[in-house]
Amino acid sequence: MYTIRKYDPKKDLEAGKRIWKEVQWLEAGTDEEFFEAFLTGGRALVAEANHSAECLVTAKSGTLKYLDGELALSIVASVTTSHIARKQGLAKKLTAQLIAEEAEAGALVSTLGIFEQGFYEQLGYGTGGYEHRMSFDPADLKINEELRTPIRLTKDDWQKMHKALINRKRRHGGVNVFPEEYVKAELGWSKNGFGLGYEDGPNGELTHYFWASSKGEHGPLVIHVMAFQTIKQFHELMGVIKSLGDQYRLVKMREPAGIQLQDLVRHPFRSRIVTEKTEFEHTNRATAYWQMRICDLEACIAATHLNSSPVRFNLELDDPLEQILDTSFSWRGIAGKYTISLGPDSIATKGFTADLPLLKTDVGTFTRLWLGSRPATGLAATGYLLGDESLLDELDKVLCLPDPHPDWDY
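What you are looking at is a predicted structure, and each value in this text was computed from that prediction instead of being measured. Within any chain, residue numbers begin from 1 and follow the written order of that chain's sequence. Where totals are concerned, whole chains, interfaces and linings use all residues; where local detail is concerned, this predicted model gives features only for residues with pLDDT of at least 70, and gives and counts side-chain atom pairs only at 80 or more. Note that water and hydrogens are dropped before the side-chain values are worked out from all heavy atoms of the structure.

1. Some thoughts on the sheet that holds strand E14 (residues 283–287)
Any two strands are treated as partners once DSSP identifies two or more bridges connecting them. Secondary structure elements follow DSSP: runs of H or I of four or more residues count as helices, runs of E of two or more count as strands, with numbering from the N terminus. Strand order in this open sheet of seven strands is E8-E10-E11-E12-E13-E7-E14, and the pairing throughout is mixed. Every interior strand has two partners, whereas the edge strands, strand E8 (151–153) and E14, have only one. On average, each strand axis in the sheet is tilted by 25° relative to the strand beside it, whichever way the strands run. Relative to strand E12 (residues 221–227), strand E11 (residues 208–214) runs antiparallel, the two being bridged by six bridges. Each residue of the ladder has a partner; that of Tyr209, found in E12, is Ala227. Axes here mean lines fitted to C-alpha atoms, for a helix over just the part in contact, with angles spanning 0 to 180 degrees between N-to-C directions.

2. Brief notes about the packing of helix H2 (residues 31–39) against helix H5 (residues 181–189)
The geometry of H2 relative to H5 is characterised by a closest axis approach of 8 Å and an angle of 160° between their N-to-C directions. The orientation of H2 with respect to H5, classified from their angle, is roughly antiparallel. Here H2 and H5 pass one another in a crossing that is left-handed. Mapping the contact onto sequence places Asp31, Phe34, Phe35, Ala37 and Phe38 in H2 and Glu181, Tyr182, Lys184, Ala185, Gly188 and Trp189 in H5. Its residues assigned to classes, the contact of H2 with H5 shows seven nonpolar, one polar and three charged. Working definition: roughly parallel below 35 degrees, roughly antiparallel above 145 degrees, roughly perpendicular at 65 to 115 degrees, and oblique for all remaining angles. Helix crossings fall into two classes, left-handed where the near helix is turned counterclockwise from the far one by less than a right angle and right-handed where it is turned clockwise. Whether two residues are in contact is decided by their heavy atoms, any of which lying within 4.5 Å being enough. Throughout, the ten residues Ala, Val, Leu, Ile, Met, Phe, Trp, Tyr, Cys and Pro are labelled nonpolar, Asp, Glu, Lys and Arg are labelled charged, and all others, Gly among them, are labelled polar.

3. Topic: the pairing of strand E19 (residues 358–362)
Only one face of E19 is covered, namely the one carrying Leu359 and Thr361; the face carrying Leu358, Lys360 and Asp362 has none of its residues buried. In the sheet, strand E16 (residues 311–318) pairs with E19 via five bridges, with the strands oriented parallel. Among the inter-strand pairings, Asn314 is bridged to a residue of E19, identified as Leu358. Think of it in three bands: with a 1.4 Å probe and only protein chains considered, a residue is buried below 20% of the maximum accessible area for its type, exposed above 50%, and partly exposed in between.

4. Quick look at unusual backbone geometry
Across the junction of Gly219 and Pro220, the peptide omega takes the value 5°, indicating a cis bond. By the element assignment, Pro220 lies in the loop between E11 and E12. Located in the positive-phi region is His267, a residue other than glycine, with phi close to 50°. The phi angle at Asp407 is positive, at roughly 60°, despite the residue not being glycine. Topologically, Asp407 is positioned in the segment after helix H12 (389–398). By relative accessible area, Asp407 is classed as buried at 14%.

5. Re the packing of helix H1 (residues 9–22) against H2
For any two helices packed against each other, the geometry comes down to the angle between their axes and how far apart the axes lie. At a minimum axis distance of 11 Å, the contact between H1 and H2 shows a crossing angle of 110°. Taken together, the axis directions place H1 and H2 in an arrangement best described as roughly perpendicular. Our pair here, H1 against H2, has a crossing hand that is right-handed. Side by side, H1 and H2 meet where Leu13, Gly16, Lys17, Trp20 and Lys21 of the first sit next to Glu32, Phe35, Glu36 and Phe38 of the second.

Structure, rendered in structure tokens:
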């Protein structure tokens, strides 16, 4: 029998480390200090049995850039279960309760990274858009700007790097994670990591940088984090990466939001053929590995300001959390019947309106539609989105949004 309660650092720290070691997220030794940093700030729950925590879930606060606005965001940062507590539904139950507590505290949207598609849909999450990870020879970059000498960054600079991330250029779907200790932990866990950047702020603040690591002398060099405020700063960072091309034969990095990296690489197709099946193979891979779900429908719709004529419809929305959470929670998901109006000023109200077309869906699919991950007709082809074809076509035209990218891995 398991008891669900808040994480207690005095009681649960060692059990939390043990769980993370069992799932191979944590190595013994120096890595353990960063586990404590990771748990600083935010909310955490455990499932306890025989006086020991056996399942641990954590969430961090943040914001989501939606078009030109900012929405309160909850980031489910980890879901881990010990070896002896598997297949008992603990991860699902704890995560559901964590989502509810975050929603009751004001989170409008929740997000997480996935280990496999399918599990978190049971909690109402919908899959985001594709993220591209490109591998290329840095010497092949078409960057010819004069290079300034960058500053060297170490793990001790985690506070200034977190601030630079918060102040970076963000586009639609961009995520900020607030507890700065989160960056401290992520930097601490990267092996052989180093950073290079520039302090061009009015008071000498770090404005743009990248954090990278390499296992060998010639790479591959993996760019884990990149932050910049202007296109000129982005070009400067790519110039620094190019300057490392006399040593590293391959760089791997996630494509920044709104930028097509292939445009900056000489002969991308020829290089891909020449390096195929080698240690330094040039690739461009697309993976959808993050998910989101709406926690406050009225607030999220109110933040939707579109350059289009209004479209109105009735929405019948399913939310699996309604069946998972008990009645002790004031927030039990967002299932229900609504009238939705989308346009320059959008609104969601409870109840149906007569003579409007009907759209039936679940919260995960509707989140994908609202966020712009996929158009209505595409979601109707692969998921649960039912409506007249004329309504789906109209939604395709109205919800013509930029591709959403968190631009911050979590």
